[in-house]
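# Reading the structure
Here is what each chain is made of, one letter per residue.
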Number of protein chains: 2
Amino acid sequence: MAAQRGEGDTTATPAEAADKERARAIPEAAVARLAVYLRVLSGMSESGVTAVSSEELSQAAGVNAAKLRKDLSYIGSYGTRGVGYDVEVLVSHIERILGLTRNHSVAVVGIGNLGHALANYGGFPGRGFPVTALFDVDADLVGIPVGGIPVNHIDEITAVCLEREVSIGVIATPPPAAQSVCDRLVSAGVQCILNFAPVVLQVPDNVEVRKVDLAVEMQILSFHVARRADEAAGVSVGNNGLGVDGMVIRP
Amino acid sequence: MAAQRGEGDTTATPAEAADKERARAIPEAAVARLAVYLRVLSGMSESGVTAVSSEELSQAAGVNAAKLRKDLSYIGSYGTRGVGYDVEVLVSHIERILGLTRNHSVAVVGIGNLGHALANYGGFPGRGFPVTALFDVDADLVGIPVGGIPVNHIDEITAVCLEREVSIGVIATPPPAAQSVCDRLVSAGVQCILNFAPVVLQVPDNVEVRKVDLAVEMQILSFHVARRADEAAGVSVGNNGLGVDGMVIRP
DNA sequence: TCGACTTTGTGCGTGCGTTCACAAGCGGTA
DNA sequence: TACCGCTTGTGAACGCACGCACAAAGTCGA
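Fair warning: this is a prediction, and the values are worked out from it, not measured in the lab. (Residues numbered from 1 in each chain as written. Chains lettered and ligands numbered in written order. Predicted model: local features only at pLDDT ≥ 70, side-chain atom pairs only at ≥ 80, totals over all residues. Heavy atoms only, no water.)

## Topic: the environment of A139 of chain B
- Looking at where A139 of chain B falls in the secondary structure, it is placed in the loop between β5 (131-136) and β6 (145-146).
- Spatially, the C-alpha atoms of A139 of chain B and A30 of chain B are 43 Å apart, while their sequence positions differ by 109 residues. (Helix = DSSP H or I, 4+ residues; strand = E, 2+ residues; numbered from the N terminus.)

Below, the structure written as structure tokens:
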């Protein structure tokens, strides 16, 4: 911890090394937004847009312009002052930082409703994530192709994942099976797991887990709607119908 | 902004008002975790567990014990020192804070692969979110029941949502349709939207949007795997193969 | 009844992330 | 070539959230 930002590295290609060096310092939240910027930029690129200003891009991505510039500054200085950013240049740099240059192959475990949906996505939007393996416990499903890929039995996870060099595992199983599936994926060398099962997974330090829990998302929304309803009902900070100092905000 | 925490409210039921008062102060991040605690607690309750300490609960939820206690303190003091928390009590309080006492009915728009999966969830795990309406543009789908609910045409969103008092809208359409669908939901009075389409939605201030973007999640994972690979390759802070001070951490 | 132990609730310091504001830099123009 | 206006990149201040560490408070046993 608290490693001093020593600028004494002299090995490797200058630009490359600088990127890797920087990758550590990018805040988690900024990484998520970079992915959004990439999506917007890709759309612009397809529409023939070649240049964009931070103001335009930030609006399209739904964030603050200053925040966008700071986020982009984490990956380097690729803009032109007085002009803006070259769309293609930004796309390629963000892709490199996000590690999208290497092709990640994805395995989906649990071919239920959600698993089907994921398998049929077939190469997630924004490309670069080909689904190359599917697994399920149900013997009736084994061998049947879903989205063009045949389903393997769950016991084959380790072998198949090693063989096809799967780098990202997606868990879409019922909750009780999730941990066991996770363990198998880990033992197959998978270091990234996207978990749709409402379970807290136990993994070694070298494995990254992201979870998507639809019920949690719903409950967060529910919280906000409840808060809104309460505010509307006038149960706010000593609010008796008037503003704090008798002033009406946004009449 | 900067409203002083005035303790001069004398209206409404004491406990209720205190809750609403507090709801404003709960950090966004804490709300998300409360939902996780609720899930874990529900599981414990079903297993017959009646009491739990912050240490146990925090481990089950995968967070720091101190953080858990702080999160729970946002909703009130319902623990017993020297003992712990009563599971049922916590469950009911978290449910109230998250607004789960009122039944939210959910509409899913876009009955493709993902929409099917969502519709078949039928009342999301952890109950309280009954799916009561489905919509799609495809005339062939209209009338066909999915997960027990017949599909309506997308033009009927406003009427049906108003009639069934839908409070949460889920957008699972292709990207180009998302904004238009969103607008219709909003005009039907829906104030909470869960958006699976990779698009930045424009909504009025009084509407809450949460987005789930699978490609973004993948890309975040990709970033981490890339960072790990770089570290392993030795492109770290002046690392020449040895630890910072020549010591091997975790041999 | 009293003491010792256990666990909660929270005040406070620290670190991270966001925002502001402005200097630096570049293209266009005369 | 020199000036002007526009946009980037970033230093610095702010605010929030996290985690520590401890006092408060309750239970259990003697």
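From this point, things continue past the structure.
## Overview of the interface of chain B and chain A
- At the interface, 76 residues of chain B touch 77 residues of chain A.
- In this assembly, chain B packs against chain A so that about 7200 Å² is buried in total across both faces, 66% of it on carbon and sulfur atoms.
- If you sort the residues of chain B by the area they bury against chain A, M218, L221 and F223 of chain B come out on top, with a joint share of 10%.
- For the pair chain B and chain A, the interface holds 6 salt bridges.
- E208 of chain B is the partner of R228 of chain A in a salt bridge, and the nearest nitrogen-oxygen pair spans 2.9 Å.
- Counting every contact that joins chain B to chain A gives 21 residue pairs in polar contact (both at pLDDT 80 or more).
- Those elements that place two or more of their residues in the side of chain B that touches chain A are α1 (14-23), α2 (28-46), α3 (54-61), α6 (113-121), β8 (166-171), β9 (192-195), β10 (208-211) and α9 (214-232) of chain B. (Contact = heavy atoms within 4.5 Å. Buried area = accessible area lost by both parts, 1.4 Å probe. Salt bridge = Lys/Arg side-chain N within 4 Å of Asp/Glu carboxyl O. Polar contact = N/O pair within 3.5 Å; in protein donor to acceptor, adjacent residues only side chain to side chain.)

## Let's talk about the sheet that holds strand β2 (residues 79-80) of chain B
All names here are of chain B.
- Ordered by their spatial adjacency, 3 strands build an open sheet running β1-β3-β2, and the pairing between neighbours is antiparallel. If you trace the sheet from one side to the other, it starts and ends with β1 (51-52) and β2, each paired once.
- Bridge count between β1 and strand β3 (residues 84-86): 2 bridges; the pairing is antiparallel. Note on β3: the bridge partner recorded for V52 is Y85.
- The strands touched by helix α5 (residues 87-97) within the sheet are β1 and β3, with β3 carrying the most contacts at an inclination of about 70°. (Pairing = 2+ DSSP bridges. Axes fitted to C-alpha atoms, helices over the stretch in contact; angles between N-to-C directions.)

## Focus on the relation of the copies chain B and chain A
- Under the fitted operation, chain B is carried onto chain A by 0.0 Å of movement along the axis and a turn of 180°, and the coordinates agree to an RMSD of 0.1 Å. Classification of the inter-copy transformation places it as that of a two-fold axis. (Least-squares fit on C-alpha atoms with pLDDT ≥ 70 in both.)

## A closer look at helix α4 (residues 65-75) of chain A
Residue and element names in this part refer to chain A.
- Along α4, the residues that are buried comprise A65, L68, D71, L72 and I75. Mapping the buried residues of α4 onto a view down its axis gives an arc of 120°, with all of them on the same face.
- Measuring from the side-chain oxygen of the N-cap residue of α4 to the backbone nitrogen of A66 gives 2.7 Å; that N-cap residue is N64.
- Just beyond α4, the residue with positive phi is G76, at close to 135°. (Buried < 20%, exposed > 50% of the residue type's maximum accessible area, 1.4 Å probe, protein only. Arc of directions from axis to C-beta.)

## Side note on the environment of L38 of chain B
- Following the sequence through the fold, L38 of chain B ends up in helix α2.
- You can call L38 of chain B buried: its relative accessible area is 4%.
- Setting aside its immediate chain neighbours within four residues, L38 of chain B contacts Q219 of chain A together with V91, I94, E95, L98 and L100 of chain B.

## Remarks on the protein's contact with DNA strand C
- Contacts to DNA strand C come from 28 residues, most closely from R33 and R81 of chain A together with S54, R69 and Y85 of chain B.
- Taking all atoms of DNA strand C within 4 Å of the protein, the share assigned to sugar and phosphate is 65%.
- Here Y78 of chain B contributes a backbone N or O atom positioned 3.4 Å from a phosphate oxygen of DNA strand C.
- Taking R81 of chain B, its side chain carries an N or O atom lying 2.9 Å from a base oxygen of DNA strand C.
- Looking at the surface near DNA strand C, the elements with two or more residues in it are α2 (28-46) and α4 of chain A together with α4 (65-75), β2 and β3 of chain B.
- If one sorts the elements of the surface near DNA strand C by residue count, α4 of chain A sits on top with 5 residues.
- Across the surface near DNA strand C, the residue classes break down as 8 nonpolar, 11 polar and 9 charged. (Near = heavy atom within 4 Å. Nonpolar A, V, L, I, M, F, W, Y, C, P; charged D, E, K, R; others polar.)

## Describing α3 of chain B
Residues and elements named next belong to chain B.
- The complete set of buried residues in α3 reads S54, L57, S58 and A61. Summarising the axial view, the buried residues of α3 lie within an arc of 100°, below the 170-degree limit, and thus occupy one face.
- Against the buried residues of α3 lie α2, β1, α4, β3 and α5.
- Within two residues after α3, G62 carries a phi angle of roughly 75°, on the positive side.

## Quick notes on the environment of L114 of chain A
- Along the chain, L114 of chain A falls in helix α6 (residues 113-121).
- By relative accessible area, which is 12% here, L114 of chain A ends up buried.
- As a C-alpha pair, L114 of chain A and Y74 of chain A span 40 residues in sequence and 35 Å in three-dimensional space.
- Ignoring any residue separated from it by four or fewer positions in sequence, one finds L114 of chain A in contact with A172 and F196 of chain A together with L114 and A117 of chain B.

## Brief notes about the sheet that holds β8 of chain B
All names here are of chain B.
- Read across the sheet, 7 strands follow the order β6-β7-β5-β4-β8-β9-β10 without closing on themselves; strand pairing throughout is mixed. Strands at the two margins of the open sheet, each flanked by one partner only, are β6 and β10.
- Pairing of β5 with strand β7 (residues 149-153) involves 3 bridges; the strand directions are parallel. Across the sheet, F135 pairs through a bridge with N152, a residue of β7.

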